[in-house]
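Report on the structure
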Amino acid sequence: MKDNWSLHISLRYLLTHSGRKGHLGNALAVLGLIIGILTLITVLTVMNGFQQGFITSINEIYSYHIRYNDPGISFEEFREITAETPNIKAVVPFADYQAILTSDSGYTSGIQIRYIDETAALEDKGFLEQFQIVKGSFLFSQPGQILLGADLAREVNAIVGDTVTLAFMRVQQGKAALSNREFRVSGVFRTGYYEYDRNMAFTSLHLSGQGENNPNLVYGIKLKRHFRDTGSIRSLGNLLPEGKDKIVSWRTYNSAFFNALKIEKTFMLLIVGLIFIVVAVNIYHSMKRSVRERLEEMALLKAIGGTPSGVRRIFLLQGGIIGLSGCFLGTAAGVLISLNINAIMDAFVTFVQNMRLFLYQIGIGSSSGASLFYFTDIPVEIMAQDLIIINGAALVSVLAAAYGSVRTYSNIKPAEVFQSE
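Reference entry: report on the structure contained in this document. (Residues numbered from 1 in each chain as written. Predicted model: local features only at pLDDT ≥ 70, side-chain atom pairs only at ≥ 80, totals over all residues. Heavy atoms only, no water.)

1. Digging into the overall build of the protein
Secondary structure assignment for the protein yields 16 helices and ten strands. Each of the 421 residues in the protein was classed as buried or not, and the buried ones make up 43%. Excluding contacts between residues fewer than 6 apart, the proportion of contacts in the protein whose partners are at least 24 apart in sequence is 79%. (Helix = DSSP H or I, 4+ residues; strand = E, 2+ residues; numbered from the N terminus. Buried < 20%, exposed > 50% of the residue type's maximum accessible area, 1.4 Å probe, protein only. Contact = heavy atoms within 4.5 Å.)

Here is the structure:
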């Protein structure tokens, strides 16, 4: 209870005028924190949304959480073995090939065709959530049917029912040669990830005779918690000791891409976080001026029994109150903006379109405004660890500025101050 005087005086310094400019400096400090925090939260939540969307699309559609390459056992045997691992939710066999697709219209495109067990894929809920059939059906009723990505189908001018020709590179008698095979387009899919919608095609693994003794065969494994892949790999390694080296995690398979995303986020956090340095410098100079103006009051407090640590605590509490206020308001504003970012962007786009139309009507510019983006909604992902890091950095910078502003003045001697007065 004896230290409550520091909090009481700190609140008085924050709330009283006394003809000084402290209120303006404190208000600007809080405003700077709010702007910095809401900017960081908005930028990182949108970046997290895009990154998590990319990671989800890659893992659910293409790479799977764990791959078992070149398996030497049948799919039924592998499913029985993996049934003993609790974190596994789905297993899908597939094989990938590169090919050149030519449509009836004469358009050509290089693609990656995936031979997949559609029955096993239908048990993979994560795959079905990301894999949207635009036209046709996912199930293959007979051999020679193929699914094309929506952008690939548009690029080669192919629709459901058309016939396309795929040219594969084969090695025969030590020589490479192209072999052609015709497929009928049975459906068109969209994943929301442009690379797959533009470059991938799917066909049946078993109906095409690619399921047995296939050197390209891979067992794709989906996990209930993909961040616990290390434990699942260890369990599979114990169950499959001879094929331990053939087990690959999604972190390893996509390491270059995911590391690039991590570096991008880290540098964005550092660059945008520089605003806290600016805010801390402003708080430092504002509070240092306030300390100099209150030098006589500090000397009086020490003369009646105040300690240097108690005097320092006054301004540290003042900085803490500023920091907490800025963090609370900035976090609330940042989360609110992030959750409503699509509505805000819709209003902004509407405003831009209206301005473009107005300028066109008075003879300036063009009325056309083509869409520049592949997506229709801005994804948002709010992560608790990001909020903790942002608010922690803000509080540390404010408290460091407050401590630096009062450090040299807290040890003043009352007699020297009163003598100079």
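Additional details are given in the paragraphs that follow.
2. Re the nonpolar core
Soluble globular proteins tend to pack their nonpolar side chains together in the buried interior. Ranked by internal contacts, the top residues of the largest apolar core, which has 59 residues, are Ile113, Ile146, Leu148 and Leu166. For this core, the element with the highest residue contribution is strand β2 (residues 88-102), accounting for eight residues. Within the second largest apolar cluster, 31 residues are counted, among which are Ala29, Phe276, Val279 and Val291. (Core = buried A, V, L, I, M, F, W, Y, C linked by side-chain atoms within 4.5 Å.)

3. Details of the environment of Met287
Secondary-structure assignment places Met287 in helix α11 (residues 274-293). With relative accessibility at 2%, the residue Met287 sits in the buried group. Considered as a pair, Met287 and Ala402 are 115 residues apart in the sequence and their alpha carbons are 6.7 Å apart. Discounting chain neighbours no more than four positions away, the residues touching Met287 are Phe315, Gln318, Gly319, Ala402 and Ser405.

4. Re the pattern of salt bridges
If you walk through the whole model with that rule in mind, you get eight salt bridges. The shortest N-O distance in the salt bridge between Asp151 and Arg190 comes to 3.6 Å. Here Arg190 lies in strand β7 (residues 175-190) and Asp151 lies in helix α6 (residues 150-156), a separation of 39 residues in the sequence. Judged by relative accessible area, which is 4%, Asp151 ranks as buried. Note that Arg251 and Asp229 form a salt bridge whose closest N and O atoms lie 3.0 Å from each other. Pair noted here: Arg251 is in helix α9 (residues 250-253) and Asp229 is in helix α8 (residues 229-239), with a separation of 22 residues, a long-range link. A relative accessible area of 36% means that Arg251 is categorised as partly exposed. (Salt bridge = Lys/Arg side-chain N within 4 Å of Asp/Glu carboxyl O.)

5. Thoughts on the environment of Ala121
By the element assignment, Ala121 lies in helix α4 (residues 118-121). A relative accessible area of 0% places Ala121 in the buried class. Put simply, Ala121 and Val91 are 30 residues apart on the chain and 8.0 Å apart in space, counted from C-alpha to C-alpha. Beyond its immediate stretch of four places on either side in the chain, Ala121 contacts Val92, Ile116, Phe127, Leu128 and Phe138.

6. Topic: the packing of aromatic side chains
Here the structure, examined in full by the defined rule, presents 23 aromatic pairs. Between Phe131 and Phe138 the ring centres are 5.5 Å apart and the planes differ by 70°, which places this aromatic pair in the edge-to-face class. Summarising the burial analysis for this pair, Phe131 and Phe138 share the class buried. Counting every residue linked through ring pairs, the aromatic cluster contains Phe50, Phe54, Tyr62, Tyr193, Tyr196, Phe227, Trp250, Tyr253, Phe257 and Phe258. The lysine or arginine in question, Arg67, covers the ring of Tyr62, its NZ or CZ lying 5.6 Å from the ring centre. Seen from the ring of Phe94, Arg114 lies directly overhead, with NZ or CZ sitting 4.0 Å from the centre. (Phe/Tyr/Trp six-rings, centres within 6.5 Å; stacked < 30°, edge-to-face > 60°. Lys NZ or Arg CZ within 6 Å of the ring centre and 35° of its normal.)

Function cannot be inferred from these measures alone, as they are strictly geometric.
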